[in-house]
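Observations on the three-dimensional arrangement
Each chain, written out:
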There are 2 protein chains.
Amino acid sequence: MKLYVIGIGPGGAEQMTPRALAAMEKSDIIAGYTTYIDLVRPLIGNKEILQTPMKQEIDRCVKARDAARNGRSVAMICSGDAGVYGMAGLMHEVCADYPELEIEVIPGITAACGGAAVLGAPLIHDFAVISLSDLLTPWEKIEKRLDLASQADFCICLYNPSSRKRADYLQKACDIMLKSKAPETPCGTVRNIGRDGEQGEIYTLAALRDAKVDMFTTVFIGNSQTRIINGKLVTPRGYENK
Amino acid sequence: MKLYVIGIGPGGAEQMTPRALAAMEKSDIIAGYTTYIDLVRPLIGNKEILQTPMKQEIDRCVKARDAARNGRSVAMICSGDAGVYGMAGLMHEVCADYPELEIEVIPGITAACGGAAVLGAPLIHDFAVISLSDLLTPWEKIEKRLDLASQADFCICLYNPSSRKRADYLQKACDIMLKSKAPETPCGTVRNIGRDGEQGEIYTLAALRDAKVDMFTTVFIGNSQTRIINGKLVTPRGYENK
């Protein structure tokens, strides 16, 4: 049977694609992290729910896979895009020995795109997306990526900039980026993208170092051309006026 | 009056958000590049159309701005996401002297996310998005970004990999990436994402060098962990099994 891995976007129905909604309607079971299940609950009627808490992603995918092996169609939902720090990869991994299962990945609006729209247009040109979570990635690797992406003058979007155990990670990241990017580089943060309490803030890179961020915040750092226009963070489309 | 800059996603109505559709319905004028206007024509009824050919982006934004200054609401549509090589930045730039105009950017599914879903899950982990078009960016800057992103072991997504005048750019880009990435690195291309004739192909980085690509193709290059699972391109979510 079919396994859908679905990006539901920021959360509200108005930013979910008809394709994502149709796949949920076609499924027998809706699977996902409890918070995301709550976001789609008004849309899914009385479907069977398969929910597991945070950090039990492998277990969640295995249960979905086994339900599909038993002839049920399953929609595994992810916030944002299923393919950007989402479950699309893990689902393929846990189904590696079951090539008869058909997996369909359905994209959604990821926080890089949703948050950029709130701030203006910070990611118009070449950009890098980096997660500051070192749960599954060595911190040295994250530091190297921050350093080289800054040297390359990429716009940078940071996912998972902070958590209780990693309160100073954004500060560390800013210190690395400040080796190649100017302290006055325009930056921004967006909290609760596309949800109640959505809030964007503009900073310089020097000030971003001390910004308050949490696990619901996405962070944007400009390139050498990025500027503030009428309170919005805007990266020019090219270098024609340099 | 209101200026919407709207990402319509890959093209079909099933991958456009209700928010994008609602903004078009609220607008007096639909503006955009001719090809994108044709994609949304079935959805917009008899609205006034403001279309300009390719490479007349500034003119298109100025006309939209002036219509808004004359009291009309305008929806400027972009394929994919409005904030990733889209018109959101340029619209803010041409409206810099008119802070009374309200610009709302509405995100959409960009080719990085739409194409990744076709291939499997290549962008699950940190990634860089780079355009190979040197119309507005010096080629040396593009080379530097390719080189440093490869050194940083990013997954890489390439927009605009080729055109008639730049037939060998993907080959040049692969040669740069091959300095840091292994020749057997799994890669993929997707042509006509989300449209008729959508087609994904899997390559090694060595073979990608000679792949046929055009302006409707998006290219994906894995990181050191990316592998092929049941014909799909999959980047693991972390480095736990390294």
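Here, every reference points to the structure presented above.
What this report covers is the structure whose coordinates are included nearby. (Residues numbered from 1 in each chain as written. Chains lettered and ligands numbered in written order. Predicted model: local features only at pLDDT ≥ 70, side-chain atom pairs only at ≥ 80, totals over all residues. Heavy atoms only, no water.)

1. A word on the interface of chain A and chain B
- Each partner contributes residues to the interface: chain A has 68 residues there, and chain B has 68 residues.
- Summed over both sides, the interface between chain A and chain B buries roughly 5,700 Å², with carbon and sulfur atoms accounting for 60% of that surface.
- At the junction of chain A and chain B, the tally comes to 10 salt bridges.
- Notably, a salt bridge pairs D126(B) with R145(A), separated by 3.0 Å at the nearest N-O pair.
- Counting every contact that joins chain A to chain B gives 32 residue pairs in polar contact (both at pLDDT 80 or more).
- Considering each element in turn, the side of chain A that touches chain B owes the most residues, 6 residues, to helix α6 (residues 139-151) of chain A.
- Along the lines of polarity and charge, the residues of the side of chain A that touches chain B split into 34 nonpolar, 19 polar and 15 charged.
- As defined by bridge partners, strand β7 (residues 127-131) of chain A adjoins strand β7 (residues 127-131) of chain B across 3 bridges and the pair is classed as antiparallel. Among the inter-strand pairings, V129(A) is bridged to a residue of β7(B), identified as F127(B). (Contact = heavy atoms within 4.5 Å. Buried area = accessible area lost by both parts, 1.4 Å probe. Salt bridge = Lys/Arg side-chain N within 4 Å of Asp/Glu carboxyl O. Polar contact = N/O pair within 3.5 Å; in protein donor to acceptor, adjacent residues only side chain to side chain. Helix = DSSP H or I, 4+ residues; strand = E, 2+ residues; numbered from the N terminus. Nonpolar A, V, L, I, M, F, W, Y, C, P; charged D, E, K, R; others polar. Pairing = 2+ DSSP bridges.)

2. Regarding the sheet that holds strand β13 (residues 232-234) of chain A
Residue and element names in this part refer to chain A.
- Pairing is mixed in the open sheet, where 3 strands are placed in the order β6-β13-β12. Each having just a single partner strand, β6 (120-121) and β12 (227-229) make up the two edges of the open sheet.
- As defined by bridge partners, β12 adjoins β13 across 3 bridges and the pair is classed as antiparallel. In the strand pairing of β13, R227 is matched with V234.

3. Side note on the nonpolar core
- Ranked by size, the top nonpolar core spans 50 residues in total, and within it L158(A) and L158(B) carry the most contacts.
- Beyond its immediate stretch of four places on either side in the chain, L158(A) contacts I130(A), L132(A), L146(A), L170(A), M177(A), T218(A), V219(A) and I221(A).
- Among the nonpolar cores identified, the runner-up in size contains 33 residues, and F127(A), V129(A), C155(A) and V190(A) belong to it. (Core = buried A, V, L, I, M, F, W, Y, C linked by side-chain atoms within 4.5 Å. Buried < 20%, exposed > 50% of the residue type's maximum accessible area, 1.4 Å probe, protein only.)

4. Section: the relation of the copies chain A and chain B
- Of the two same-sequence chains, chain A is brought onto chain B (RMSD 0.0 Å, axial shift 0.0 Å) by a rotation of 180 degrees. Such a turn and shift between the copies fits a two-fold axis. Residue A128(A), judged by its C-alpha, is the member of chain A lying nearest the rotation axis, at 2.0 Å.
- Take the interface residues of chain A: 100% of them recur as interface residues in chain B, which is what a same-surface contact looks like. (Least-squares fit on C-alpha atoms with pLDDT ≥ 70 in both.)

5. Things to note about the pairing of strand β2 (residues 29-33) of chain B
All names here are of chain B.
- Counting buried residues along β2, 5 of its 5 residues qualify, which places the element largely inside the surrounding structure.
- For the crossover that starts at β2, traverses helix α2 (residues 34-40) and ends in the parallel strand β3 (residues 48-52), the hand is right-handed.
- Relative to strand β4 (residues 74-78), β2 is paired through 3 bridges, and the arrangement is parallel. Across the sheet, residue I30 finds its bridge partner in β4, namely A75. (Right-handed = clockwise from strand over helix to strand, strands pointing away.)

6. Things to note about the pattern of salt bridges
Residues and elements named next belong to chain B.
- Under the definition given, this model contains 32 salt bridges over all chains.
- R209 is paired through a salt bridge with D175; the nearest N and O atoms lie 2.6 Å apart. Taken together, the residues span a long stretch of sequence, with R209 in the loop between α8 (205-208) and β11 (217-221) and D175 in helix α7 (residues 169-177) at a distance of 34 residues.
- A residue is classified by how much of its surface remains accessible, and R209, at 27% relative accessible area, is partly exposed.
- The exposure class assigned to D175 is partly exposed, which follows from its relative accessible area of 35%.

7. Details of α6(A)
- Between the first and last C-alpha of α6(A) there are 18 Å, a value that for 13 residues agrees with the 18 Å anticipated at 1.5 Å per step.
- All of the buried residues in α6(A) are W139(A), K141(A), I142(A), R145(A), L146(A), D147(A), L148(A), A149(A) and S150(A).
- Residues of α6(A) that are buried sit in contact with β7, β8 (155-159) and α7 (169-177) of chain A together with α6 (139-151) of chain B.
- Remark: D153(A) follows α6(A) within two positions and exhibits a positive phi of approximately 60 degrees. (Expected span 1.5 Å × (residues − 1).)

8. Some words on the sheet that holds strand β6 (residues 120-121) of chain B
- Strand order in this open sheet of 3 strands is β6-β13-β12 (chain B), and the pairing throughout is mixed. Strands at the two margins of the open sheet, each flanked by one partner only, are β6 and β12 (227-229) of chain B.

9. A closer look at the packing of α6(A) against α6(B)
- Where α6(A) contacts α6(B), the two axes come as close as 9 Å, and the packing angle between them is 175 degrees. It follows from the interaxial angle that α6(A) and α6(B) lie roughly antiparallel. Together, K144(A), L148(A) and Q151(A) of α6(A) and K144(B), L148(B) and Q151(B) of α6(B) make up the contact between the two elements.
- When grouped by side-chain class, the residues that make up the contact of α6(A) with α6(B) number 2 nonpolar, 2 polar and 2 charged. (Axes fitted to C-alpha atoms, helices over the stretch in contact; angles between N-to-C directions. Parallel < 35°, antiparallel > 145°, perpendicular 65-115°, else oblique.)

10. Structural notes on the packing of aromatic side chains
- Scanning the model with the defined rule gives 6 aromatic pairs over all chains in all.
- Here W139(A) and Y169(A) contribute two aromatic rings whose centre-to-centre distance is 4.6 Å and whose plane-to-plane angle is 50 degrees, an arrangement assigned as tilted. Of the two residues, W139(A) sits in helix α6 while Y169(A) sits in helix α7, which places them 30 residues apart along the sequence.
- Its relative accessible area of 11% is what places W139(A) among the buried residues.
- For the pair Y85(B) and Y159(B), a centre-to-centre distance of 5.1 Å together with 45 degrees between the ring planes defines the contact as tilted. Of this pair, Y85(B) sits in the loop between β4 and α4 (88-94) while Y159(B) sits in strand β8 (residues 155-159), placing them 74 residues apart in sequence.
- Relative accessible area serves as the criterion here: at 10%, Y159(B) is assigned to the buried category.
- The aromatic ring of W139(A) is capped on one face by K172(A), whose charged end is 5.5 Å from the ring centroid. (Phe/Tyr/Trp six-rings, centres within 6.5 Å; stacked < 30°, edge-to-face > 60°. Lys NZ or Arg CZ within 6 Å of the ring centre and 35° of its normal.)

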